[in-house]
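# Structural characterization, general
What follows is the residue order along each chain.
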Amino acid sequence: MYRLIRARSFWVGVFSAALLFLSLNLIELVRQTSKLCFDCDKGYGIRFRVYESGSVLHTKEILWNGVVASSFSIALISIIVGLAFYSVGAFISNRQKHR
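A brief structural summary. Since we're looking at a predicted model, the values are computed, not measured.

On to helix α3 (residues 64–97), then. Over its 34 residues, α3 extends 49 Å from the first C-alpha to the last, a length consistent with the 50 Å expected when each residue adds 1.5 Å. Those residues of α3 that fall on the buried side of the exposure criterion are Gly66, Ser70, Ser73, Ile74, Ser78 and Gly82.

Below, the structure written as structure tokens:
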């Protein structure tokens with residue numbers, strides 16, 4: 001386990017997956033807020049809704065259950081991608097050693 005955490009390939013996978021999800025959420029935010037709408041109820045968030053814009057009858061709010069669920073899913077998927085990067089890196093290094 002300690003070798004896995006110290007492996008560079010694991011952290012490359014974790015950070016690349018997390019960066020991908022965060023950039024997708026940012027793109028969704030820019031796409032939703034660039035439209036002109038004065039009295040509509042819009043929400044955004046990839047995978048889970050994290051924000052809802054307000055209208056005359058509804059206030060703006062951050063959906064905390066969506067923030068927690070998105071954070072948990074980003075962490076879980078990032079760890080899975082990191083493990084995949086680590087296992088591919090270990091497989092490649094083992095093949096090169098046995099040649």
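With that settled, consider the environment of Trp11. Residue placement: Trp11 occurs in helix α2 (residues 8–33). Note: C-alpha distance between Trp11 and Phe85 (74 residues apart in sequence) is 8.7 Å.

Here we take up a nonpolar patch on the surface. Nonpolar side chains collect at one region of the surface, where Met1, Ile5, Trp11 and Phe15 lie side by side and expose about 480 Å² of accessible area between them. Looking at the secondary structure, you find Met1 in the segment before α1 (2–6).

It is worth spelling out the side chain of Ser78 at this point. Mapped onto the secondary structure, Ser78 falls in helix α3. Within the structure, the side chain of Ser78 is placed 3.3 Å from the backbone nitrogen of Ala18, a separation counted as a polar contact.

Strand order in the open sheet formed by three strands is β1-β2-β3, with antiparallel pairing between adjacent strands. One side of each edge strand has no neighbouring strand; the edge strands of this open sheet are β1 (43–44) and β3 (61–62). As paired elements, β1 and strand β2 (residues 51–52) share two bridges and run antiparallel to each other. Looking at β2, one finds that Gly43 is bridged to Glu52.

The rules behind the values
- Residues numbered from 1 in each chain as written.
- Predicted model: local features only at pLDDT ≥ 70, side-chain atom pairs only at ≥ 80, totals over all residues.
- Heavy atoms only, no water.
- Helix = DSSP H or I, 4+ residues; strand = E, 2+ residues; numbered from the N terminus.
- Expected span 1.5 Å × (residues − 1).
- Buried < 20%, exposed > 50% of the residue type's maximum accessible area, 1.4 Å probe, protein only.
- Patch = residues over 30% accessible without salt bridge, like charges linked within 9 Å, V, L, I, M, F, W, Y side chains within 5 Å.
- Areas by Shrake-Rupley, 256 points an atom, 1.4 Å probe, with all protein chains shown as cover.
- Salt bridge = Lys/Arg side-chain N within 4 Å of Asp/Glu carboxyl O.
- Polar contact = N/O pair within 3.5 Å; in protein donor to acceptor, adjacent residues only side chain to side chain.
- Pairing = 2+ DSSP bridges.

In short, geometric facts, not functional conclusions.
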